[in-house]
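# Summary of structural features
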Amino acid sequence: MTLTDRDRAVQAALAQGLVGPRQPVAGLLDIAGIRRSAAELRSAFAEFTAPGTQVLHAFAVKAASLVPVLRLLAQEGIGCEVASPGELALARAAGIPARHTVLDSPAKTLAELREALALGIAVNVDNHEELSRIDRMMASAPSTAPIGLRVNPQIGGGSIGAMSTATDTSKFGVPLRDPGAREWIVRACLDRPWLTRLHAHVGSQGMPLERMTEGVRALYDLAEEINEQAGGPRITTLDIGGGLPVNFSSDAVTPTYREYVALLRSAVPGLFSGRYGLVTEFGRSLLAKHGMVLARVEYAKWAGGRPIALTHAGAQVATRTVFAPASWPIRVAAYDDAGRPKTGAPVPQDIAGPCCFAGDLVAENRPLPRLESGDHVALLDTGAYYFSTHFAYNSLPRPGVYGYAPAPDGTFAFATVRTPQTLEELTAESGADHANALRSLALG
Ligand SMILES: *Cc1c(COP(=O)(O)O)cnc(C)c1O
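Throughout this document, residue positions are counted from 1 along each chain, in the order its sequence is written. At least 70 in pLDDT is required for a residue's local features to be given in this predicted model, at least 80 for side-chain atom pairs to be given and counted, and no such filter applies to totals for whole chains, interfaces and linings, which use all residues. With hydrogens and water stripped out, all remaining heavy atoms of the structure feed into the side-chain values.

So, on to the overall build of the chain. Scanning the chain from terminus to terminus reveals 13 helices and 18 strands. In terms of principal-axis extent, the alpha carbons of the chain reach across some 70 × 65 × 45 Å. Exposed residues in this analysis have more than 50% of their type's maximum accessible area, buried residues have under 20%, and partly exposed residues fall in between, with area computed by a 1.4 Å probe over protein chains only. Every one of the 444 residues in the chain was classed for burial, and the buried ones make up 53%. Each accessible area value is a Shrake-Rupley result obtained with a 1.4 Å probe; residue values ignore everything except the protein chains displayed when judging cover. Surface exposure of the chain reaches about 19300 Å², of which carbon and sulfur atoms provide 54%. Looking at charge distribution, the chain has the averaged site of its 41 positive side-chain charges lying 1 Å from that of its 43 negative ones. Helix and strand assignments come from DSSP, with helices taken as H or I runs of at least 4 residues and strands as E runs of at least 2, each series counted from the N terminus. For this count, His and the chain ends are skipped, Lys and Arg are scored as positive, and Asp and Glu as negative. In plain terms, the charge of a residue is placed at NZ if it is Lys, CZ if Arg, CG if Asp and CD if Glu.

With that settled, the discussion passes to the packing of helix H2 (residues 31-48) against helix H3 (residues 67-75). All axes here are fitted lines through C-alpha atoms, helices being fitted over the stretch that makes contact, and every angle between N-to-C directions spans 0 to 180 degrees. Direction vectors running N to C along H2 and H3 enclose 45°, while the axes themselves pass 10 Å from each other. Regarding the angle of H2 to H3, the classification is oblique. The handedness of the crossing between H2 and H3 comes out as right-handed. Touching Ile-31, Ile-34, Arg-35 and Ala-38 of H2 are Leu-72, Leu-73 and Gln-75, all from H3. Residue polarity is assigned by list, with Asp, Glu, Lys and Arg as charged and Ala, Val, Leu, Ile, Met, Phe, Trp, Tyr, Cys and Pro as nonpolar; anything else, Gly included, falls into the polar class. Tallied by class, the residues present in the contact of H2 with H3 amount to five nonpolar, one polar and one charged. Working definition: roughly parallel below 35 degrees, roughly antiparallel above 145 degrees, roughly perpendicular at 65 to 115 degrees, and oblique for all remaining angles. Handedness of a crossing is defined here by the sense of rotation of the near helix relative to the far one, left-handed for an anticlockwise turn of less than a right angle and right-handed for a clockwise turn. Contacts: residue pairs with any heavy atoms within 4.5 Å of one another.

Around the ligand, a shell composed of 14 residues is seen, among which Lys-62, Gly-243, Glu-281, Arg-284 and Tyr-385 lie nearest. What qualifies as a polar contact is a pair of N or O atoms within 3.5 Å, subject to a donor-acceptor requirement within protein and to the restriction that residues adjacent in sequence count only when both atoms come from side chains. The contact in question runs from an oxygen atom of the ligand to an N or O atom on the backbone of Arg-284, over 2.8 Å. Across the shell around the ligand, the residue classes break down as three nonpolar, five polar and six charged. For each residue, the test is whether any non-hydrogen atom lies within 4 Å of the molecule or strand; if one does, the residue is near.

Moving on: helix H8 (residues 209-230). Expected span of a helix: the number of residues minus one, times 1.5 Å. Helix length check: H8 (22 residues) gives 31 Å between terminal C-alpha atoms against 32 Å at 1.5 Å per residue, within 8%. Those residues of H8 lying buried are Leu-209, Met-212, Thr-213, Gly-215, Val-216, Ala-218, Leu-219, Tyr-220, Leu-222, Ala-223, Ile-226 and Asn-227. Looking at the buried residues of H8, the elements they touch are strand E6 (147-152), helix H7 (181-191), strand E8 (195-199), strand E9 (237-239) and helix H9 (257-267). Of the residues one or two after H8, Gly-231 is the one with positive phi, at around 70°.

Here we come to unusual backbone geometry. Geometrically, the link from Thr-254 to Pro-255 is a cis peptide bond, its omega value of -5° lying close to zero. With respect to the helices, strands and loops of the structure, Pro-255 is situated in the loop between E9 and H9. Unlike most non-glycine residues, Asp-381 shows phi in positive territory, near 60°. Here Asp-381 falls in the buried class, since its relative accessible area comes to 3%. For Asn-394, which is not glycine, the phi dihedral falls at a positive 60°. Secondary-structure assignment places Asn-394 in the loop between strand E16 (376-379) and strand E17 (400-406). Under the relative-accessibility criterion, Asn-394 is labelled partly exposed at 39%.

In this structure, Arg-296 sits in strand E11 (residues 291-303). At 4.5 Å, Glu-298 is the nearest oppositely charged side chain to Arg-296, a buried residue that forms no salt bridge. Residue contacts for Arg-296: discarding those within four places in its chain leaves Val-19, Gly-20, Pro-21, Pro-24, Leu-310, Thr-311, His-312, Gly-374, Asp-375 and His-376. The rule for a salt bridge is simple: a side-chain nitrogen of Lys or Arg has to be within 4 Å of a carboxyl oxygen of Asp or Glu.

Turning next to the packing of aromatic side chains. For Phe, Tyr and Trp, rings pair up if their centres lie within 6.5 Å, where Trp contributes its six-membered ring, and each pair is then called stacked (planes under 30 degrees apart), edge-to-face (over 60) or tilted (otherwise). Across all of its chains, the model carries ten aromatic pairs by this definition. Note on Tyr-220 and Tyr-276: the rings are 5.7 Å apart at their centroids and 70° apart in plane angle, and the pair reads as edge-to-face. In this pair, Tyr-220 sits in helix H8 while Tyr-276 sits in the loop between H9 and strand E10 (277-280), placing the two residues 56 residues apart along the sequence. The exposure classification of Tyr-220 matches that of Tyr-276, with both residues buried. Ring centres of Tyr-404 and Phe-412 lie 5.6 Å apart, and the angle between their planes is 80°; on these two criteria the pair is classed as edge-to-face. An aromatic cluster of three or more residues is present, and its members are Phe-323, Phe-357, Phe-391 and Tyr-393. In this structure, Arg-320 is placed above the aromatic ring of Trp-328, and the distance from its NZ or CZ to the ring centre is 5.6 Å. Note on criteria: charge over ring means Lys NZ or Arg CZ within 6 Å of the ring centre, with the direction from the centre no more than 35 degrees off the ring normal.

One widely used convention gives an interface's size as the accessible area the parts lose upon coming together. Segmentation of the chain into domains returns domain 1 (5-29 + 288-429) and domain 2 (31-283). Note that the domain bounds were set by an automatic or database domain assignment. One C-alpha centre belongs to domain 1, the other to domain 2, and the line joining them spans 33 Å. Listed by partner, the interface residues are 22 residues for domain 1 and 23 residues for domain 2. Accessible area, probed at 1.4 Å, shrinks when two parts are joined; the buried area is that loss added up over both. Overall, the association of domain 1 and domain 2 removes approximately 1900 Å² of surface from exposure, summing both partners, and the carbon and sulfur fraction of that is 65%. Linking domain 1 with domain 2 are two salt bridges, by the criterion used here. In this structure, Arg-6 engages Asp-251 in a salt bridge whose closest nitrogen and oxygen atoms are separated by 3.0 Å. Along the contact surface separating domain 1 from domain 2 lie twelve residue pairs in polar contact (both at pLDDT 80 or more). Secondary structure elements with two or more residues in the side of domain 1 that touches domain 2: E17 and strand E18 (412-418).

Printed below as a string of structure tokens:
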């Protein structure tokens, strides 16, 4: 059997003890793969944009909120899209300069807005109330931070409702097609010389490329209308968001950045004319294919005639897959105790996690070589929104995350991206310092 790089990385991770009886689950990131995706993103846009066009690719930090990953991407020329004070702190810890950072939350506090404006971070305003706050801030302390308005083009949803941000009633942005909204947006931009950007992010996963393109088209048409009325380039930059879907059913990378940009280029040629600077906010498509969760099979059993593998990867690391399995199915690869790919006839079996609720299954009735205790499972394509979306159920600790790259001696070198959470950290996080707090309150 020929081993893939992934198989060999699994073997090396087990041989080096990153996953074992004491640390039964970890995340692994393929560093060369991440670099490759970053380079593909940059070259796809570089190929289609007019020379001299300013393009900022800002990685959506929520997809992999890990400082070393942000710094790796920065090395590849990629900035950060942040949506909370925590994400901004991570981007700053990674050394991302303000001019490569974009702030996009729908519920920014006054303090967050003040900090962003003071730092010169690009801010995309979500709604009319937030715009009034910025008006007051700009009047008292003018800022040169780029400021944009998030627009909901209301072009409809994709196949996953919870991921569709451009439905009629989406909570994000100013709804472009509501009565009077378009006129309000045009006026808002004409009245404010500092409001120079428009932003749309129409969905994450499950959106057909054609629909994403339609959203960008609506954004572009709006910018053209504003600039025509302004008699010059008032809107100078378009932030087209992220949302490129990822293929979770095989190793193929499809669609590619190049396919999306080529489609955009034919549907919205003016976007690439050089008259607009561009910002993108891809998350999942940069990381998903380059990560896996590797977990030990603790026990194998039968129930109702069905084999069940009890593993250490469940809802705590694969939250969306466990709670919404129809929307977020993932591939599972089976390895033996030494990390060799399991062979043998596929048997439909459940791959269960360690959490104490019945639905804690990452795959149900999945045909795989029969798993036994001491084997391992790898949850594939989990580089985005898995390590960063930990679910603290059952006080299960956040697992360690390690980056890997081929080493000169033919094996793999690993670097710690995040240390496994310790039980001391976990108890502290759960109020250990306040152990007596309720007792003394009750005694009053
Ligand atoms: C989540 C999000 C993204 C990233 O979406 P992906 O599907 O991961 O590419 C980009 N922009 C905004 C505003 C988001 O909320």
